[in-house]
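Understanding the architecture of this molecule
One letter stands for each residue in the lines below.
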Amino acid sequence: MTQAQIAHTAMVSGFVDSLQEPRTPYISPKRLSKALGVNVANLAQLTGVHRNTLRNPSSKRLQGRMREMVKVISAATELTGDIDKAIYWYRNEPIADYGHRTAAELVADGQVEAVLAFIRDLENGARG
């Protein structure tokens, strides 16, 4: 493993650790919404769950959707080299191949694999 790969792994691991609901094995909706720079109601929209579901961090559906978001942000971090840039891209960059929708919009619609494939294509193009 190269030094850059080790640094990336540590950065992503630190980001994921910062999202943990205290004293639980769950991602915290409050912490994820803060990391994304959105309010809790917007997080409900981004995850495709009712806002009342966010009050139950152990909800299987909620945790699954938040894990999908974190997975895409982690993959984008590998591409950008920076968590903040990856989050900005995730929320704001329109993807022409998908009707100029953002990664966040696509993930909210359940198209996680399409976004991950797009990121892989960018990586392969950038690496030749």
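Residues numbered from 1 in each chain as written. Predicted model: local features only at pLDDT ≥ 70, side-chain atom pairs only at ≥ 80, totals over all residues. Heavy atoms only, no water.

An unreviewed UniProt entry lists the protein chain under the name DUF2384 domain-containing protein, with Ancylobacter oerskovii as the source organism.

Where charged atoms from two side chains of opposite charge come close, those side chains can pair. Taken as a whole and judged by the stated rule, the model has two salt bridges. The residue arginine 65 makes a salt bridge to glutamate 68 at a minimum N-O spacing of 3.0 Å. Taken as a pair, arginine 65 and glutamate 68 lie in helix α4 (residues 60-80) at a separation of three residues, close to a single helical turn. Between aspartate 109 and arginine 101 there is a salt bridge; the shortest N-O distance is 1.9 Å. Owing to a relative accessible area of 26%, arginine 101 belongs among the partly exposed residues under this scheme. (Salt bridge = Lys/Arg side-chain N within 4 Å of Asp/Glu carboxyl O. Helix = DSSP H or I, 4+ residues; strand = E, 2+ residues; numbered from the N terminus. Buried < 20%, exposed > 50% of the residue type's maximum accessible area, 1.4 Å probe, protein only.)

In this section: helix α3 (residues 40-47). Buried within α3 are the following residues: Leu43, Ala44, Leu46 and Thr47. Seen from one end, α3 has its buried residues packed into an arc of 165°, which puts them on one side. On its buried side, α3 packs onto α2 (29-36), α4 and α6 (103-108). Sitting at the amino-terminal end of α3 is asparagine 39, which places a side-chain oxygen 3.1 Å from the backbone nitrogen of alanine 41. Immediately beyond the C-terminal end of α3, within one or two residues, lies glycine 48, with a positive phi of roughly 75°. (Arc of directions from axis to C-beta. Contact = heavy atoms within 4.5 Å. Polar contact = N/O pair within 3.5 Å; in protein donor to acceptor, adjacent residues only side chain to side chain.)

Glancing now at the environment of alanine 76. Turning to its location among the elements, alanine 76 is positioned in helix α4. Spatially, the C-alpha atoms of alanine 76 and tryptophan 89 are 7.9 Å apart, while their sequence positions differ by 13 residues.

Its place among the elements puts alanine 104 in helix α6. For alanine 104, a relative accessible area of 3% gives the class buried. Not counting the four nearest positions on each side in its chain, alanine 104 is found in contact with Leu46, Tyr90 and Arg91.

A rise of 1.5 Å per residue sets the reference length of α4, with its 21 residues, at 30 Å; its end C-alpha atoms lie 30 Å apart and thus fit the reference within 8%. Within the span of α4, buried status applies to Leu62, Gln63, Arg65, Met66, Met69, Val70, Val72, Ile73, Ser74, Ala75, Ala76 and Thr77. Once α4 ends, the next one or two residues include glycine 81, with phi positive near 80°. (Expected span 1.5 Å × (residues − 1).)

What follows is about the side chain of serine 33. Looking at where serine 33 falls in the secondary structure, it is placed in helix α2. A polar side-chain atom of serine 33 sits 2.9 Å from the main-chain carbonyl oxygen of lysine 30. Ignoring sequence-local partners within four residues, the contact set of serine 33 consists of Val38, Asn39, Val40 and Leu43.

Before going further, it helps to examine unusual backbone geometry. Here the phi dihedral of arginine 23 falls at roughly 60°; this positive angle occurs in a residue that is not glycine. Within the secondary structure, arginine 23 sits in the loop between α1 (3-18) and α2. If you check the backbone angles, histidine 100 has positive phi at about 60° while not being a glycine.

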